[in-house]
Amino acid sequence: MIEQILFYTLAALALVAAIVVIAQRSPIYSAFALIVVLCSLSGIFAILGSPFIAVIQIVVYAGAVMVLFLFVLMLLNVQKEADDPGGSKPLRTAAAALAAAFAVQVGLVVARARFASGPEQYEASTRKVAELLFSPTFLYVFEATSILILAALVGSIVLAKRDL
Amino acid sequence: MSPLIQELIEKALVVGIVTHGLLIVFSFCTLIERRVLAFMQFRLGPNRTGPQGILQPFADGIKLFFKEEFIPAGANKPLFVLAPAVAVATAFMSTAIVTYGGALTVPAFGFLPEWLQGRVIELQIADLEVGILYLFALSSLGVYGIVMAGWASNNKYALLGGLRSSAQMFSYELALGLSWVPVILVTSSFRLPDIVAGQAGWFWNWNCFVVFPAFLVYVVAGTAEANRTPFDLPEAETELVAGFHTEYSSMKFALLQMAEYVNMITISALGVNMFLGGWNTGLPFLPPTAAYGLVGFFTFAAKVAGFLFFFFWLRGTLPRFRYDQLMHFGWKVLVPVAAVFILVTAGVLAALA
């Protein structure tokens, strides 16, 4: 009962904030709304019984990534977007048609999907996540991802500072 | 009464006592800090309001409460109002994970309800499985209060203060997080009660002796994370007026101050729990569970007071870093030291296993 109330509150908060992210025109507000979305998703992860993923969601996305976004937005002093939605009329019509088609598709998928009745003995404790991540199944993929991230890091520094 | 209701009442009591206790500690911290600083600088400090200035925090509170609420004309009003709330909320939420002592046994006083008499209460609000990672998440959210305050003020000094603080806090958060890893490796648990229990016995079992370099990194990074001198660059008054809270007055200013002090108290309490043996006295012939568990609580409180005094002492002793020195120190000294020490700890543990 409490879990359901919490879930619907968090889900509603996430959806409303997600609409705010794209619907209004001040980039700073969008960034803060995105933080709200990420925090509500983290709450949903916590309800699902995976506190580790909930916390990592906040540390990585709401904590690190969004701080960088805000940093750039504030440093560049991005102004509010003009009220002109942009694009010519045929372009806008095409966009509306595509959006409608996508909505129909999503609706069909959701209507046909068979949902599990609930999380059955699902428990993603820190220890379980670590055991899975470092088990032979995922170890190589995990390490390869780490190297990829390291390479991206070095690459971004090289691009930003050509005369190091 | 059903056990669920009893549990809820118990938790509500703990939350209420912790929150109000923190408010009291915060208000007297401001007084003690000013007096300690004054004595270090051969002054007297505030000693006029009540004996030895003991009522000064209340005078300050009343003054701030009755000051004019001022919002600058160009400020972004919703965010300007929201910023102190975010700062205070994240600061208080992060105190939920701290253990304030071992279990406390409620004495069998006649006026207490039957179920409460002799009940064992854990002095921690939330014993989460992810433990200190929760604190890491909240400290990264705490940056937003400051950034929001800096941006919404529509003042270039405030904006620069906010940007500086976001850069400083996420740089030092990295070192702070890395300094926890050796402790987690040694105790192989994220939970604070486990970490404290792992330091039982004589005081040389405390993690500050077992993983000394990590303790050093923690103290330095914690000082920076709490925006204390010598790392109080976000509000460097000689360059930035007052940094992110330049435009704040009245209670909103008080809330930002409160968030800062509560963060400092949390950093101290966490340092005590992780490195200084928590509520262990360090002398195994003294049972910490004696006298309803109050010995443990007062041991913890004394250690936290020592940690806080250390912060005041630093402020009276060290000059402020320059901003580039701060960044160099964080990224080129603290992070490598912490990272190498993690490897050393892991190596030693693997060799011993």
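Residues numbered from 1 in each chain as written. Chains lettered and ligands numbered in written order. Predicted model: local features only at pLDDT ≥ 70, side-chain atom pairs only at ≥ 80, totals over all residues.

Draft legend 1. Layout of the interface of chain B and chain A. The partner chain A presents 17 residues to the 18 residues of chain B that form the contact. Elements that contribute at least two residues to the side of chain B that touches chain A include exactly helix H4 (132-152) and helix H5 (156-187) of chain B. When residues in the side of chain B that touches chain A are grouped by element, the largest group, 10 residues, is from H4 of chain B. Taken together, the residues of the side of chain B that touches chain A sort by class into 15 nonpolar, two polar and one charged. (Contact = placed C-beta atoms within 7 Å. Helix = DSSP H or I, 4+ residues; strand = E, 2+ residues; numbered from the N terminus. Nonpolar A, V, L, I, M, F, W, Y, C, P; charged D, E, K, R; others polar.)

Draft legend 2. Region of interest: the domain arrangement of chain A. Domain boundaries in chain A define domain 1 (1-79) and domain 2 (125-164). For domain 1 of chain A versus domain 2 of chain A, the distance between C-alpha centres works out to 24 Å. (Domains from an automatic or database assignment.)

Draft legend 3. Molecular detail of unusual backbone geometry. Residue and element names in this part refer to chain B. In this model, Phe42 sits at a positive phi of 55 degrees, which is unusual for a non-glycine residue. Inspection of the secondary structure assignment puts Phe42 in the loop between helix H1 (3-40) and helix H2 (56-66). Here the phi dihedral of Asn154 falls at roughly 55 degrees; this positive angle occurs in a residue that is not glycine. One can find Asn154 in the loop between H4 and H5. Here Asn154 falls in the partly exposed class, since 15 other C-beta atoms lie within 10 Å of it. (Buried ≥ 20, exposed ≤ 12 C-beta atoms within 10 Å, placed from the backbone.)

Draft legend 4. Quick peek at helix H2 (residues 27-47) of chain A. With 21 residues, H2 of chain A ought to run about 30 Å at 1.5 Å a step, and its terminal C-alpha atoms sit 31 Å apart, in line with that. Looking at the residues trailing H2 of chain A, positive phi occurs at Gly49 of chain A, about 85 degrees. (Expected span 1.5 Å × (residues − 1).)

Draft legend 5. Quick peek at the nonpolar core. Of all hydrophobic cores here, the largest spans 115 residues; its most connected members are Ile35 and Val55 of chain A together with Ala87, Ile132, Tyr134, Ala137 and Ala221 of chain B. Per element, the largest residue contribution to this core is 16 residues, and it comes from H4 of chain B. The residues contacting Ala87 of chain B, other than those within four sequence positions of it, are Gly142, Gly145, Ile146, Leu255, Leu256 and Ala259 of chain B. (Core = buried A, V, L, I, M, F, W, Y, C linked by C-beta atoms within 7 Å.)

Draft legend 6. Here's a closer look at the environment of Trp180 of chain B. All names here are of chain B. Assignment of secondary structure puts Trp180 in helix H5. Judged by the 26 C-beta atoms lying within 10 Å of it, Trp180 falls in the buried class. Considered as a pair, Trp180 and Ala214 are 34 residues apart in the sequence and their alpha carbons are 7.2 Å apart. Not counting residues up to four positions away in its chain, the partners in contact with Trp180 are Ile132 and Met274.

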